[in-house]
Amino acid sequence: MIQTQTGLPRRGAMGLAGALLAAPRIARGQGRFPERPIRLIVPWPPGGSADAQLRSLGEVASRSLGQPVIIENRGGAGGTLHAPYLAREARPDGYTIGQMHLSVIRRTFLVRNPQWDAIADFTPIIGLTGWLFGVAVKADNPIRTWQDYLAAARANPGRITYSSSGIATTNHLAMEEIALKEGVSLTHVPFRGATEGVTAVLSGQVVSIADSSTWAPNVEAGQMRLLSVWSAERAARFPEVPTLKELGYDMVVTSPYGIMGPKGMDPGVVRVLHDALKDALFSPENTRVRAQFDMPLEYRRTEEYRDFIARRAEYERTMVQRLNLRIE
């Protein structure tokens, strides 16, 4: 057998060369990834459940990545303010990533001139978790049950207000669907995030909040009353509160989300990010944060998450057309 100058058989040397050629670019021309801090854009104001979960995720992932994961909050536009930046301006080098959630997918079907395509313009990295949604009122409100809430809506058309994290968000659409089923008129008051909605309920600015479980500490403190949860089963921390399914609606609303980057990311970079974020997701620290907000585990590896986004895009298109929704 012919020997090379390296001492390897020629066949082995050729195989090694082929493996090097097939290796991700991060191993050939870009050096080790990451070589500098990574920016993770959270499209909500600080203080909400997604912000807390993603901050914890970034902190834990920093250890295995060897570089800080810096959180940048960009609240507004129903949690989609970061999407055009990731789609059109950010470099696909893995150093700028952001939260992918259902409103990023849905918004393109709500506007006349979409600024991005949720399937074509982003690189899915990992599916993470979802939200515990629910409807809550201030504790001194005479509305004590979900039935009371509907009765008040029927008696006062349009005067029962509810906050959400923005127009055409998952929680907004769910409330519209419930109102349609019940034949009642509710008034939607959108905010930039759930934290602002909690403040609005406590100050009397709105009657109720229909959003993720940022309201949970206020419910536990006796400042707010929880009327329903939208999970498949009752929330462990609020076992007395019925689910939508128990209340007669064939609805489970958890709005799974994950992490995405700009289109065209190197598969090797995606793999490094996926593995670090997966380890962080299942870490004791992040598990505690998810438990704090009753956030269901919705882990999907990269390929599964890509398929989920494609399937969900078709569902969102159908829902927007069925409800005849437009936001501009």
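Residues numbered from 1 in each chain as written. Predicted model: local features only at pLDDT ≥ 70, side-chain atom pairs only at ≥ 80, totals over all residues. Heavy atoms only, no water.

Student: Would you take a moment to explain the sheet that holds strand S7 (residues 187-190) for this structure?
Tutor: Hydrogen bonding along the main chain pairs the strands of a sheet, whether they run parallel or antiparallel. In spatial order, the strands read S7-S6-S8-S5-S9; together these 5 strands make up an open sheet with mixed pairing. The sheet terminates laterally at S7 and strand S9 (224-229), the two strands that pair on one side only. Taking each pair of neighbouring strands and ignoring which way they run, the sheet shows an average axis angle of 30°. Alignment of strand S6 (residues 161-164) against strand S8 (residues 208-212), held across 2 bridges, turns out to be parallel. Residue pairing in the sheet places Ser 163 in a bridge with Ile 209 of S8. Helix H7 (residues 170-182) rests against strand S5 (133-138), S6, S7 and S8 of the sheet, and its axis sits at about 150° to S6. Where helix H8 (residues 194-203) meets the sheet, it contacts S5, S6, S8 and S9, and its direction lies at approximately 160° from that of S8. (Pairing = 2+ DSSP bridges. Helix = DSSP H or I, 4+ residues; strand = E, 2+ residues; numbered from the N terminus. Axes fitted to C-alpha atoms, helices over the stretch in contact; angles between N-to-C directions. Contact = heavy atoms within 4.5 Å.)

Student: Would you take a moment to explain helix H6 (residues 146-155) for this structure?
Tutor: Every α-helix carries 3.6 residues per turn, so stepping three or four residues along brings you back to the same face. Along H6, the positions that sit buried rather than exposed are Trp 146, Tyr 149, Leu 150, Ala 152 and Ala 153. Buried residues of H6, seen end-on, are gathered within an arc of 160° and therefore sit on one face of the element. Here the buried face of H6 lies against S5, S6, H7, S8 and S9. (Buried < 20%, exposed > 50% of the residue type's maximum accessible area, 1.4 Å probe, protein only. Arc of directions from axis to C-beta.)

Student: So what exactly am I meant to see when it comes to the pairing of strand S3 (residues 96-100) here?
Tutor: A regular strand carries its side chains on alternate faces of the sheet. Of all 5 residues that make up S3, 5 are buried, and the element is covered over most of its length. Judged from the 3 bridges that link them, S3 and strand S10 (residues 257-262) form a sheet pairing that is antiparallel. Its bridge partner being in S10, Gly 98 is matched across the sheet by Met 260.

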